[in-house]
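Observations on chain architecture
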Amino acid sequence: MTSISKKASALAFLFFISIEIFAHRVSFEGFSNSVFIDLPEEFALVQSQGEDSFLLQSKVAPVSSIIKIYKKEKFISAQEALGITIQKLNLKTLETKTAQWRNNEACIAAVKGKISGAESQGYAAASVIPENKNIAVLISWCGAENFNNANFLIESFIDSLCIDSESCFSPGLFTSLYHPASGNEQTLNLLIDKKEISTQLDSLDCKNSEYLIEREYKVLQMYMNSPLWKEAWQRYYRMIFKDSCKRLQKVSFDIYRTLAPDCKDETDFAQKILSWTQGFKYEREKTASDFASLPSIISGGGSDCDSRAMLIAVILQSMNIDSIIFVSSEFHHAIAGLVSSHPGFVFTVDGKTYLTGETTVPGLTWGIIDKNQSDFSKWIPVMLP
């Protein structure tokens, strides 16, 4: 596991923060809590116009961004809203991609031109918000000379938009349009608790998931020396979780459908998943992030502690079983967590007690932890939807 931090206080008067457990969610006035943006850390508000137009600037990279919310009567489509916004900024469109995202019209354009007198390059994106059919437009850019070194932060900014409750469990807007699924399924045969489970993944899930992980790791590295490194680390894992859930949706369902009928309760089911991951081949990834994508793990690839803990969390959360992951830079380790009434060692987060799950030692059950790693202050909880 790789070691490597709250939203700028200036945003407090601009947005309202939703329920405490999801303090990372920066929500918009006039919308439900399911419409929010999970900004990379240290984006500060530099200008606003009313409640529907905001200019933000990163403090860790030369990247600026605009968020605009248009009333549904303003434009007939997300594509029209995006095109006119780009035109007003006198930007040139290099390419445009339009597709359905979260069952709503969405589009992205690569753009360049002069902004505030400087040659700039970036991306502009738009999506219809399902709850009221308003249109969200995001534009993020940097100086043209910096684009090759900052485009990953721009992409991550666009992917941080969530327009409904299920956005927390699906690839983001940028990833969905620039790295779409192939539509071709590959069959996988899993063996869990001596039961054979046949399931499917999209043929591009491994590749697309690996892209997301490596991109978000580049974002994470920007906060190595930031006082917000812990928050950045938490967002890194949230973004991986968000991207992985939809990819593993059928896998999670097929596993649950096969195993659940013979389980006493949710903890019994979770134990079968924990035991399964304990039997994986331990292997460090030969990538910058050192994090194995979840599609590659279940396809037979090697894995480390944090990718195994994430896999458990994705499967359990997908089946509405409350779980969490804990990561530690001091221990260079990660473990899973499960809300359960069963006895055992627990960590308490926001009033919930989580049994700990060690993924790298075969035979251990939920609620057992190395006594040398039992100090909660050495762990960072990554809360999940």
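Described in the following lines is the structure provided in the data block. Everything quoted here is computed from the prediction, not taken from an experiment. (Residues numbered from 1 in each chain as written. Predicted model: local features only at pLDDT ≥ 70, side-chain atom pairs only at ≥ 80, totals over all residues. Heavy atoms only, no water.)

**Side note on the sheet that holds strand 5 (residues 53–58)**
Which entries qualify depends on this criterion: Strand pairing is defined by DSSP finding a minimum of two bridges between the two strands. The secondary structure listing takes helices from DSSP runs of H or I that are at least 4 residues long and strands from runs of E that are at least 2 residues long, numbered from the N terminus. Interaxial angle, 0 to 180 degrees, is taken between N-to-C directions of lines fitted to C-alpha atoms, where a helix line uses only the stretch in contact. Residues count as neighbours in contact if any of their non-hydrogen atoms are within 4.5 Å of one another.
Taking strand neighbours across the sheet as the criterion, the seven strands line up as 4-5-6-10-9-8-7 in an open arrangement whose pairing is antiparallel. The open sheet has two edge strands, strand 4 (43–48) and strand 7 (92–101), and neither has a second partner. Pairs of neighbouring strands in the sheet enclose a mean axial angle of 20°, with direction left out of account. Judged from the 10 bridges that link them, strand 8 (residues 104–115) and strand 9 (residues 118–128) form a sheet pairing that is antiparallel. Bridge pairing in strand 9 links Ala109 to Ala124. In this fold helix 1 (residues 78–88) packs onto strand 6 (63–70), strand 7, strand 8, strand 9 and strand 10 (135–143), with an angle of close to 10° to the strand it touches most, strand 8.

**Concerning the nonpolar core**
Defined as follows: Within this scheme, the nonpolar core is defined by two criteria: the residues are buried Ala, Val, Leu, Ile, Met, Phe, Trp, Tyr or Cys, and they are joined through side-chain atoms within 4.5 Å. Working definition: with a 1.4 Å probe on protein chains only, accessible area under 20% of the residue-type maximum means buried, over 50% means exposed, and in between means partly exposed.
Ranked by size, the top nonpolar core spans 93 residues in total, and within it Ile255 and Trp276 carry the most contacts. Counting residues per element, this core draws most heavily on helix 9 (residues 305–318), at nine residues. Residues contacting Ile255, with those up to four places away along its chain left out, are Leu190, Ile192, Ile197, Phe269, Ile273, Trp276 and Ile315. Grouped together as the second largest cluster of nonpolar side chains are 19 residues, Tyr70, Ala81, Ile86 and Ile135 included.

**Comments concerning the packing of helix 5 (residues 229–247) against helix 9**
Any two packed helices are characterised by how steeply their axes cross, that is the angle between the axes, and by the distance between the axes. Note the following rule: Any angle that falls under 35 degrees is termed roughly parallel, while one over 145 is termed roughly antiparallel, one within 65 to 115 roughly perpendicular, and all others oblique. Definitions for this section: a left-handed crossing has its near helix turned counterclockwise from the far helix by less than a right angle. A right-handed crossing has that turn clockwise.
As a packed pair, helix 5 and helix 9 sit with axes 10 Å apart at the nearest point and diverge in direction by 55°. The angle between helix 5 and helix 9 places the two elements in the oblique class. The crossing of helix 5 and helix 9 is right-handed. Along its contact with helix 5, which presents Tyr237, Ile240, Phe241, Ser244 and Cys245, the element helix 9 presents Asp306, Met310, Ala313, Val314, Gln317 and Ser318.

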